[in-house]
Every structure is written in structure tokens, then in C-alpha cells.
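Breakdown of the fold
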Amino acid sequence: MEPLTERLRRDRADRASAVAAAMSARNVDAVAVTWVDTGGIVRMKAVPVERFSHAAAWGIGASPVFDAFLVDDSILTEHVAGGPTGDLRLYPDVERATAVAALPGWGWAPADRYTQSGTPHPRDSRLLLRRLVAELAGDGYELRTAIEFEWTVSRPDPLDPDTFRPATSAPAYGMARLGELAPYLRDVVTKVRDSGIGVEQIHPEYEVGQFELSIASADPVRTADNAVLVREVVRAVSHAHGLRATFSPMVVPGVVGNGGHVHLSLWREGVNRMCGGPGPFGIGAEGEHFAAGILDHLPALLAVGCPAVAGYLRLQPSHWAGVFRCWGLENREAALRYITGSEGERDRAANIEIKTFDAAANPYLALAGLLAAGRAGLRAGATLPEPVAGDPARLDSATRSARGITPLPTTLADAVAAFDADEVLCAAFGDDLADTIGSVRRGEIALFAEATPEQITDACRWRY
């Protein structure tokens, strides 16, 4: 990304003044400016709306130390980012600024982080994703992406609000859950929509107190921004209804857990390259190359898409979590699920879904990793292996071995080892960011080295 010149600063200030006036007309008094740290936690600083123009031109001060934060807010002081020295500037994205319908009086804008000299911060995940999207566009392609949001709702006990008590125990996918929580779910839909995000559907999920929201597809940067805003809207709506929402991968041990599945499709010259081609089930050649790149690098991608120790409690066979490195047509047990869409709309709907990711992920890092891996497959002309029908866990180990169906990492340590060895991802992320990702992951591994599943879920339940 280009350095911030005086001309760019003036332009940003002028555009931000108009945005601030529009937000003031909607009774916005202050704007929350957010970024997502290496561990997936959304951090923020805020300015009064009348200071938004200055913030857009000159940024808001913030320490680099957040790159070295762990899930419990402890800091890796031995890492270069973990010391008390230094400062960055948070520059709100003026085009993404909006009033937050669920937080009266508040606006929101995602931040890009720059150094004090006006150059891009090498550990900023949003700038990384923006760069990779631009590079893919330079190759003539665009990526359309969406994330499914699964969360679990608790009805807090006044005496012990941190315990989990499901807000509803009505049946999985059951209409009875709507009957119990209709005003709440209506507010989720309307507040997300009124915050400028297109809602595709909402429904009860499998686990008690669990729901899922699907939003409209967009370019990867907007998708990641939407992921930040949707979660904050859901949390705010839940609080307004006397409930508490968590996107943690595992709320209590032994349940299905919350995923954060990513859908994506590759487009060129306005044509969806995930369909209408010679590949299996009609997948396009370029779409197959891109999907194969993701599948090839999936063990390493777990370090950014399933980045928490708690997430590996969710990755269990026969739980629709995709724990084997394979793909298949509409196969929810495959790590990579190919979706054609209905006859008549396949040119618009065909896409692939990555089942292994969860909402503990920094969405900018997760999408950047998928883009880098897919682009490598596209450039190499990679091809997909034989598709898998049914649950690969039901195949005997010899059959899986013969077909190249291998288990994905079962621990964060294994995923980090794969990430450290993955030249494509480390090169795309750059040395500084790749080193920080590995260090933060190893810090969380050490944090929970002696913890039981109960202790892990208790510690992480309300962090995401």
C-alpha cells in the first residue's frame, strides 16, 4: 500500500468531513475505530464524531504491542512487538464508516495501521488482505467471499454471569426456538441490515442455544470488515435482550461448537470460474486450480483459520467440521465442500466452502491465507484429487491412505508447525507478520499447556 502523502491526507479529511456530517445527522456522537489483533480479538479506540476528519487524515495513536497480545490479554514481552516502546497510527477507512444500528449514538469504521512516518505497518492484517486482493486483480481475477456466523446465546445467571446457560433448549433447527426468541432474532436481522450489511438467512443451529447468520457475498476486505461489525451487532443486540452471545469455537466441552465457515468463488471478466468447466461436477478449470491450492495448503491455513487452542476441541470426526483433508460435492464432512447451487443459478451460486475455520480467527488473516493459497494453486495449475462422498471417518485407514485422505492437524501446535514450513503463506504474509503469528500461537499453546478442556472453554468462552 502507498505511503500517506500530504495530498492523500487532505483528500481523506475532506471525505471524512462529509461522512461525519452524515453520521451526525443520524445522531452519531462518537466513532469506534477497530482493528483485529493476531489472536482474533477485536480491539478499538474511539473519537468524537467532530474529530473523525482529523483521525482520517492523521490517525489515532495506538501501541504496536497489540500484535503480541494473547487471548487472556497477557503480552508476549519477549517478542519484538511486546515491549512498551513505539507507536502506530490507526487510520479509519472512510468509505466503510457507518452508524451502528445496535449501538445508538455510535458509529464504526475499520482501521488500517500505519507507522508514524506514514508507511504501512508490516503486521497489519487488513493492509495485507488489501494488498493480496489488489495483486489478484492484477492477474485479472476477483474473489467473492462470505462468512457464516455461528454463535451461542446464554441467559446469564445473576450470581455467576460467566457460566453458560443456553437461552433456549428447543430442538436443533426447530421452529420452537424462534417462538422463544422471536423478538431477539428479529432485532439481529434488522440491526445487521440497518448497519449496511445484506442478510441472506438466519436459523437455529444444531447445538442448544446456537444460531447461524449468513450474509451477502462481497470482496474479501469488505467480508472481513463485515465479520467484525456483525459480531459486535450480535453482541449488542444480545445484551439489549438480557442475553449474552459467544462466538467461541467451543462453549463447553463435548458439544458441536461454533464454526466460521468461509464461502468463496473465483471470477474473471464477470464470469464465475467455479462452474461451467471440464472439471469434476462441472467446476471450471481456474476454479479447480484455486480450490486445489487451498486444499494443498490447508494444514498450514489452520494456523490462521482455526487459531485458538479451543478450536481443536471442535475439530472432531463426524461433526461436520471437516477434519480430513479432502473435498466433495455437497459433502459437509469434507474440509472443502463444493457447492454447485440449483440448476438455473449455478453461474451465480457455485462456490467452495471451507469447513474447518471458526470465528476465533482474525478474518483478515484467514481470508488472506485462503487468497494466497488459492493464487498459488492457480499459478501452478493445481488439480483436485478424487472427490469423497460420505464421511471419510467411516473409511478404514488403509482406504484413506490409498486415496490420499489425510487427517488435518489435531492440535494448534501441529498447525503452527505446518504454517512455519509453508513457504507460500510465509512469503505472502511477510517475515514480520509470519513470525508474529507463530509466536502468538505458541504463546497460547504454552498458556493452556496443562489445562483441561473444561479450563480451556471456561477461559475462552467470553473472549470471542
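Residues numbered from 1 in each chain as written. Predicted model: local features only at pLDDT ≥ 70, side-chain atom pairs only at ≥ 80, totals over all residues. Heavy atoms only, no water.

Looking at an unreviewed UniProt entry, one finds the chain named Glutamine synthetase, with Nocardia cerradoensis as its source organism. Database annotation for the chain, UniProt heading Sequence similarities (unreviewed entry): "Belongs to the glutamine synthetase family." (UniProt positions renumbered as here; feature names shortened; annotations may be inferred.)

Side chains Asn351 and Glu353 of strand S15 (residues 351–354) all project onto a buried face; the interleaved residues Ile352 and Ile354 project onto the opposite face, where all are buried too. In terms of strand pairing, strand S11 (residues 262–268) meets S15 through three bridges, oriented antiparallel. If you follow Leu264 over to S15, its bridge partner there is Ile352. With four bridges joining them, strand S14 (residues 334–339) and S15 adopt antiparallel strand pairing. Residue Arg337 lies in a different strand from S15, and its bridge partner there is Glu353. (Buried < 20%, exposed > 50% of the residue type's maximum accessible area, 1.4 Å probe, protein only. Helix = DSSP H or I, 4+ residues; strand = E, 2+ residues; numbered from the N terminus. Pairing = 2+ DSSP bridges.)

The subject of this paragraph is the layout of surface pockets. Considering only enclosed or pocket space, the largest pocket measures out at about 1000 Å³ in volume. As for the largest pocket, its lining consists of 42 residues, and the residues nearest its centre are Glu148, Glu212, Ser214, His263 and Arg337. The dominant element in the lining of the largest pocket, judged by the number of residues it contributes, is strand S7 (residues 142–154), at six residues. Each pocket or cavity is described by its volume, and for the second largest pocket that value is around 520 Å³. (1 Å grid on protein atoms, 1.4 Å probe; cavity = no way out; pocket = protein on both sides within 12 Å on 5 of 7 lines; lining within 4 Å. Points joined across faces, edges and corners; volume = space filled by probe spheres on them.)

This paragraph deals with the UniProt feature "domain: GS catalytic" (unreviewed entry) in the chain. Taking the numbering used here, the UniProt-annotated feature "domain: GS catalytic" (unreviewed entry) corresponds to residues 125–464. Along residues 125–464 one finds 44% helix and 16% strand; the C-alpha atoms at either end are 18 Å apart.

Many analyses report the size of an interface as the accessible area lost when the parts associate. Here the chain is described as being made up of domain 1 (6–121) and domain 2 (132–461). Placing a centre on the C-alpha atoms of domain 1 and another on those of domain 2 gives a separation of 26 Å. At the interface, 25 residues of domain 1 touch 30 residues of domain 2. Around 2100 Å² of area is buried between domain 1 and domain 2 when both sides are counted, 65% of it from carbon and sulfur atoms. Taken together, the connections running from domain 1 to domain 2 amount to one salt bridge. If you look at where domain 1 meets domain 2, you find seven residue pairs in polar contact (both at pLDDT 80 or more). (Domains from an automatic or database assignment. Contact = heavy atoms within 4.5 Å. Buried area = accessible area lost by both parts, 1.4 Å probe. Salt bridge = Lys/Arg side-chain N within 4 Å of Asp/Glu carboxyl O. Polar contact = N/O pair within 3.5 Å; in protein donor to acceptor, adjacent residues only side chain to side chain.)

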